[in-house]
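A look at the structure
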Amino acid sequence: MNPLLSTALLGLAAPALFILLTAFGLRWWGGARAELGLAGWVAVALFLGGVALAGWPPLPPVTTTQWIGMIALLAGVSVFPAAVLPPVGRWLFRAALLAAFLWTAARPKFAAAWTPGQGALSLAAATVLVTGLWWLLERRSRMAGPFRFVFPLGAVMALGALLFFQEGSLLLAQWAGLTALTAGAAWLGLAVGAPEGSAVPMEAPLGVVFPVYAVIAVNALWYTDLPVSWALALWAGLALPAAIGVFRAKG
Amino acid sequence: MKKLLLSAALILAAATISHAETYAVDPVHSFFMFKVGHFGIGNVYGRFNDVSGKVVFDAANPANDLFDIEVKTGSVDTHNDARDKHLRSPDFFNAQQFPTATFATKSVQAIDAKNFQVTGDFTLNGVTKSLTIPVTFIGTGKGPQGEARIGGEARFTIQRSDYGIKTFLPAITDDVELTIAIEGILQP
């Protein structure tokens, strides 16, 4: 078989199919256990998908892209403490986690391009923006169902995959494609066709996919030729519809 | 008179101990090239356009020799802009995270007057591995402006996966043949 095709099948299609079947099975289990269980399996699927795409990462990872699989696993573990925290504590925990994840991508910039002040400011700004976006999407999905989180996120991840490929990195494109397919498969398996009121919430699985995609996106912004305007357009495409939905519902 | 004799003796002794001459790599006449297999069909060749470094040559004592080379990974050139963009990305040379690839000499062993085994640290994509490479001394002479020059060349093969570069394996071969051809200009 063509090596590129076998990589795509093992690294993209297999994890998505696994998550589709797992989510479909878990929907009968129901509730928070199914949600958290699926989040854990999403983390494993992303990690193993990454291994199929790019090989086993060294320990500790050397390049920022080698961190992405590790971040998936860490995000998978993080959904369990996040689930028992009160809302403010949960968001502070998530923000701290995002700062740590984004720091793995920012390390070479700290070493070679940024002064400590610039670095701290850039990292803080990225953390606040990404956490704010996550809050907005989750708020929107609580109001109008998980599709309102999954669809725009999946669309932006898929579009991101095309842009990252266009701007020179097949690896980041494949990672973005993997997150898009996994999020889509989780939603298909959990929510589609579920009887009214029995659909399992998706905050925890998306709590794995979202930070992983955020790290992929900043990698593309910082280490490929992706223009800043395109990166901002991608994030704005995610934020604006959610913000309009949230504020319209409030108004 | 005694002082003068003593000074002369010291200078003579120093000259006997070391004839090490330091040369700066001439970027115009130095090349860092690579060759990699493409889908089992052919080979792709490329080069790094920005080469710098230092060569120390001691004819009397090769143990003092030095062959330190640095290339800017962002200067990769395969005569195709789209491919060069991909090669600069995190998939391959990761030029924004690791702007340089270097070879730093640790020891030199002379095989004969022209051939040396140079052991050093080769760093690529943030990974450093110890390598022993064969370096051939080509010659010395004067350049067009009368400057003293030295020339040499090294050819060796690395496995790119050792340096975390695994994209398109095995369609694009793991073995990458490197050629470093250096001319140095004697430094005062």
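Our subject in this report is the structure included herewith. (Residues numbered from 1 in each chain as written. Chains lettered and ligands numbered in written order. Predicted model: local features only at pLDDT ≥ 70, side-chain atom pairs only at ≥ 80, totals over all residues. Heavy atoms only, no water.)

The next subject is the overall build of chain B. From N to C terminus, chain B includes 2 helices and 11 strands. For chain B, the N- to C-terminal ordering of α and β elements is α-β-β-β-β-β-β-α-β-β-β-β-β. Based on the C-alpha atoms only, the size of chain B along its principal axes is roughly 75 × 35 × 30 Å. Counting every position in chain B, which comprises 188 residues, the buried fraction comes to 39%. For chain B, the proportion of contacts with a sequence separation of at least 24, taken over those separated by at least 6, is 55%. Here chain B has roughly 9,800 Å² of accessible surface; of this, 59% comes from carbon and sulfur atoms. Charge-centre separation for chain B: the mean point of 17 positive side chains lies 3 Å from the mean point of 20 negative side chains. (Helix = DSSP H or I, 4+ residues; strand = E, 2+ residues; numbered from the N terminus. Buried < 20%, exposed > 50% of the residue type's maximum accessible area, 1.4 Å probe, protein only. Contact = heavy atoms within 4.5 Å. Areas by Shrake-Rupley, 256 points an atom, 1.4 Å probe, with all protein chains shown as cover. Lys, Arg positive; Asp, Glu negative; His and termini not counted. Charge placed at Lys NZ, Arg CZ, Asp CG, Glu CD.)

All names here are of chain B. Relative to strand 11 (residues 172-186), strand 1 (residues 21-25) is paired through 3 bridges, and the arrangement is antiparallel. Along strand 11, the bridge assignment pairs Tyr 23 with Leu 186. Of the strand pairs in this sheet, strand 2 (residues 31-38) and strand 11 are connected by 7 bridges, and their pairing is antiparallel. By the bridge assignment for strand 11, Phe 32 is matched with Ile 180. Pairing of strand 10 (residues 148-159) with strand 11 involves 11 bridges; the strand directions are antiparallel. Bridging from a neighbouring strand, Arg 155 pairs with Thr 179 of strand 11. (Pairing = 2+ DSSP bridges.)

Below, the discussion takes up a nonpolar patch on the surface. Residues Leu4(A), Phe39(B) and Ile41(B) make up a contiguous nonpolar surface patch of about 310 Å² in total accessible area. Structurally, Ile41(B) is set in the loop between strand 2 and strand 3 (42-48). (Patch = residues over 30% accessible without salt bridge, like charges linked within 9 Å, V, L, I, M, F, W, Y side chains within 5 Å. Salt bridge = Lys/Arg side-chain N within 4 Å of Asp/Glu carboxyl O.)

For the rest of this paragraph, the subject is the pattern of salt bridges. Residue and element names in this part refer to chain A. In total, this model carries 12 salt bridges over all chains according to the counting rule given. In this structure, the salt-bridge partner of Glu 203 is Arg 142, at a minimum N-O distance of 2.5 Å. Placement of Glu 203 in helix 8 (residues 203-223) and of Arg 142 in helix 5 (residues 116-144) is noted, with a sequence separation of 61 residues between them. We classify Glu 203 as buried; its relative accessible area is 18%. Residues participating in the shared-partner salt-bridge network are Arg 94, Glu 138, Arg 142 and Glu 203.

This next bit is on helix 2 (residues 31-54) of chain A. The end-to-end C-alpha distance of helix 2 of chain A, which contains 24 residues, comes to 35 Å, matching closely the 34 Å that a straight helix rising 1.5 Å per residue would cover. Backbone geometry just after helix 2 of chain A places Gly55(A) at a positive phi near 85°. (Expected span 1.5 Å × (residues − 1).)

The next subject is the interface of chain A and chain B. Contacts between chain A and chain B engage 24 residues on the former and 19 residues on the latter. Three residues stand out in chain A for area buried against chain B, namely Val62(A), Gly168(A) and Tyr223(A), and they jointly supply 26% of the buried area on that side. Connecting chain A to chain B are 2 salt bridges. Its salt-bridge partner being Arg88(B), residue Asp225(A) comes within 3.8 Å of it at the nearest N-O pair. (Buried area = accessible area lost by both parts, 1.4 Å probe.)

It is worth spelling out the side chain of Asp91(B) at this point. Within the element layout of this structure, Asp91(B) appears in the loop between helix 2 (81-88) and strand 7 (100-110). No salt bridge is formed by the buried Asp91(B); its nearest oppositely charged neighbour, Arg160(B), is found at 9.3 Å. Polar side-chain contacts of Asp91(B) include one of 2.6 Å to the backbone nitrogen of Leu170(A). (Polar contact = N/O pair within 3.5 Å; in protein donor to acceptor, adjacent residues only side chain to side chain.)

This model, assessed by the stated rule, comprises 17 aromatic pairs over all chains. Ring centres of Trp91(A) and Trp134(A) lie 5.7 Å apart, and the angle between their planes is 85°; on these two criteria the pair is classed as edge-to-face. Of the two residues, Trp91(A) is situated in helix 4 (residues 87-112) and Trp134(A) in helix 5; the sequence distance between them amounts to 43 residues. Grouping residues by exposure puts Trp91(A) and Trp134(A) together as buried. Judged by centre distance (5.6 Å) and plane angle (80°), the rings of Phe32(B) and Phe48(B) are edge-to-face. (Phe/Tyr/Trp six-rings, centres within 6.5 Å; stacked < 30°, edge-to-face > 60°.)

Omega for the bond connecting Leu59(A) with Pro60(A) falls within 30 degrees of zero, at -5°, which places this linkage in the cis form. Leu169(B) connects to Pro170(B) through a cis peptide bond whose omega is -5°. Locating Pro170(B) in the fold gives a position in the loop between strand 10 and strand 11. The backbone phi angle of Phe39(B) is positive, close to 55°, even though this residue is not glycine. As for its placement among the helices and strands, Phe39(B) is situated in the loop between strand 2 and strand 3. Non-glycine residue His79(B) carries a positive phi angle of around 65°. Note on His79(B): relative accessible area 78%, which makes it exposed.

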